[in-house]
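One-letter residues, chain by chain:
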Amino acid sequence: MTEPAELAPAPDEARTVFGERFPEALRYAELLADAGVKRGLIGPREVPRLWERHLLNCAVLSEVVPQGVMVCDVGSGAGLPGIALALVRPDLKITLLEPLLRRTNFLQEVVELLGLDHVTVVRGRAEEVLGTMQPVHVVTARAVAPLDRLAGWGVPLLRPYGEMLALKGDTADEEIKGARAALSRLGVVKTSVLHVGAGIVDPLATVVRVEVGESPGGVRFATKRAKAARAGRVKRRR
């Protein structure tokens, strides 16, 4: 029987990034290494590199998230990047959106245990909450899907002139090129590749920034949002 992998000691960079919330970050890492593996949310081979590859790689996303905005982490999974971001940015109001029950149960347990009062867990798919959830300033995602498909889920959740920040790898530029037509239909007006985490992670974390204009999701989703909003008003009147 293979011995379970051990969580590596937290690097000095973790104390720098998480600051006074480092104890909560450490507890989160321990939960990922234990319950996260047992519930199939994290692969056992990822445990020794949880800090560098996962927690710090996600936490440095905070460098490009504006102050005091509403964020939706699409396909949050085990809480990456959403919970890591929440630990370093108490000024944000974050929704962790995840369709699978076993994952939302884990997320809710972590949020309560770590006292993350500015985080809400919602079970559902992006297309299901469209029109029922308040549009957000920023959508985040990591390792969820190729950019064209990911944008189809995340961009419609944005408010006008919002942005989606997707943690990607070396293929970021190629993904943007392949997704240009789909992004244009979704009302995207600008895309860029950012590198964050200097002095914290090596290699730097790669972020694809997708910025929308006044019609996030394009005409099709604007119509869908309007219908959902009308249905909601009718339901409340009843």
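Here the structure is shown first, and the text comes after it.
Parameters at a glance
- Residues numbered from 1 in each chain as written.
- Predicted model: local features only at pLDDT ≥ 70, side-chain atom pairs only at ≥ 80, totals over all residues.
- Heavy atoms only, no water.
- Helix = DSSP H or I, 4+ residues; strand = E, 2+ residues; numbered from the N terminus.
- Buried < 20%, exposed > 50% of the residue type's maximum accessible area, 1.4 Å probe, protein only.
- Contact = heavy atoms within 4.5 Å.
- Pairing = 2+ DSSP bridges.
- Right-handed = clockwise from strand over helix to strand, strands pointing away.
- Axes fitted to C-alpha atoms, helices over the stretch in contact; angles between N-to-C directions.
- 1 Å grid on protein atoms, 1.4 Å probe; cavity = no way out; pocket = protein on both sides within 12 Å on 5 of 7 lines; lining within 4 Å.
- Points joined across faces, edges and corners; volume = space filled by probe spheres on them.
- Nonpolar A, V, L, I, M, F, W, Y, C, P; charged D, E, K, R; others polar.

Looking only at helices and strands, the protein has nine helices and seven strands in total. In the protein, which comprises 238 residues, the proportion classed as buried is 50%. At a minimum sequence separation of 6, the contacts of the protein that also span at least 24 residues come to 69%.

Attention shifts here to the pairing of strand 1 (residues 70-74). Of all five residues making up strand 1, five are buried, and the element is well covered by its neighbours. Neither face of strand 1 is left uncovered, since the one carrying Met-70, Cys-72 and Val-74 and the one carrying Val-71 and Asp-73 both have all their residues buried. Looking at chain direction, strand 1 and strand 2 (residues 93-98) are connected through five bridges and run parallel. Across the sheet, residue Cys-72 finds its bridge partner in strand 2, namely Thr-95. Handedness of the crossover joining strand 1 and strand 2 through helix 4 (residues 82-88): right-handed. The pairing of strand 1 with strand 4 (residues 136-142) spans three bridges and is parallel. Within strand 4, the residue paired with Val-71 across the bridge is Val-138.

This part takes up the sheet that holds strand 6 (residues 188-196). With mixed pairing, seven strands are arranged side by side in an open sheet as 3-2-1-4-5-7-6. Every interior strand has two partners, whereas the edge strands, strand 3 (119-123) and strand 6, have only one. Neighbouring strand axes in the sheet, compared pairwise and without regard to direction, differ in orientation by 20° on average. The sheet strands contacting helix 3 (residues 50-59) are strand 4, strand 5 (158-168) and strand 7 (205-212), and the helix crosses strand 4 at an angle near 165°.

Here the largest pocket is characterised by a volume of approximately 960 Å³. Lining the largest pocket are 38 residues; nearest its centre among them are Leu-80, Arg-142, Ala-143, Val-144 and Leu-167. Broken down by secondary-structure element, the contributors of at least two residues to the lining of the largest pocket are helix 3, strand 2, helix 6 (126-129), strand 5 and strand 7. Take the lining of the largest pocket: its biggest share by element is four residues, from helix 3. In terms of residue class, the lining of the largest pocket is made up of 17 nonpolar, 10 polar and 11 charged.

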